[in-house]
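Notes for the structure review
The chain contents come next:
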Amino acid sequence: MRYAIIEEGIVSNIVEAEADFAKEKGWVEATDGVQMGWTHSGKAFARPVPPLPVAKLASWDQAKAKRDAMIDGGVAVPGIGTFDSDEASRVNIIGAVVMAQIALANSQPFSIKWTLADNSVVELDAAKMIAVGAVVFQHVAGVHMAAQSARAAIEAAEDRAELATVDVDVKP
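Read on for an overview of the structure. (Residues numbered from 1 in each chain as written. Predicted model: local features only at pLDDT ≥ 70, side-chain atom pairs only at ≥ 80, totals over all residues. Heavy atoms only, no water.)

Along the chain, the position of N119 falls in the loop between β8 (111-115) and β9 (121-125). Judged by relative accessible area, which is 62%, N119 ranks as exposed. (Helix = DSSP H or I, 4+ residues; strand = E, 2+ residues; numbered from the N terminus. Buried < 20%, exposed > 50% of the residue type's maximum accessible area, 1.4 Å probe, protein only.)

Shown next as structure tokens:
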């Protein structure tokens, strides 16, 4: 069987031994998953608690993942529909906005058929295309501002209890 050697409440080693020998040494039967570095209270094992700086990094990683998912998750443009907003879509929107601005600057007509997130197609003139670009920019900027607020709260947390109260659901 597997046994944990406990030193000062910490699992210092995991060994295979006969039950009688382990009992004689004072070793504790290691339940499934117990690893070196875990704690033992005298009654139960527990995973080690990472230091606060490590926990803060993990929280920030969660916030960044949610930030990126929110940015890439689509943008509803009032009166038009929901646009894809992944990186490639944002680049395409920027390109179309530039072309709309060039057309306006040269008093030329502009029209583009755009496939929305639900696969419906809308026709946009220059003003609407520029408006789409502005809404997408505001969405991305708003999500980044929310993520920066979450990061500041994560960095300001003085202990685990305070860190646990930080909302890493990044929403503009």
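After that view, the rundown keeps rolling.
Our next topic: helix α3 (residues 87-105). Given a rise of 1.5 Å per residue, 19 residues ought to cover 27 Å, and the 27 Å separating the end C-alpha atoms of α3 matches this to within 8%. Three or more residues of α3 are buried, namely S89, I93, A96, V97, A100 and A103. Buried residues in α3, looked at end-on, bunch into an arc of 120 degrees, giving them a common side. The exposed residues of α3 that point more than 90 degrees off its buried face are E87, V91, I94 and A105. S107 sits one or two positions beyond α3 and adopts a positive phi of about 50 degrees. (Expected span 1.5 Å × (residues − 1). Arc of directions from axis to C-beta.)

This part covers the nonpolar core. In this structure, I80, F83, I93, W114, L124, M129 and V132 are the most contacted members of the largest nonpolar core, which totals 18 residues. Elements with a contribution of two residues or more to this core: β6 (75-77), α3, β9 and α4 (126-156). Looking at which element gives the most residues to this core, the answer is α3, with five residues. Leaving out residues up to four positions away in the same chain, I93 has contacts with F83, D84, W114, M129, V132, G133 and V136. Membership of the second largest hydrophobic core comes to 14 residues, among which are A63, I71, I154 and V170. (Core = buried A, V, L, I, M, F, W, Y, C linked by side-chain atoms within 4.5 Å. Contact = heavy atoms within 4.5 Å.)

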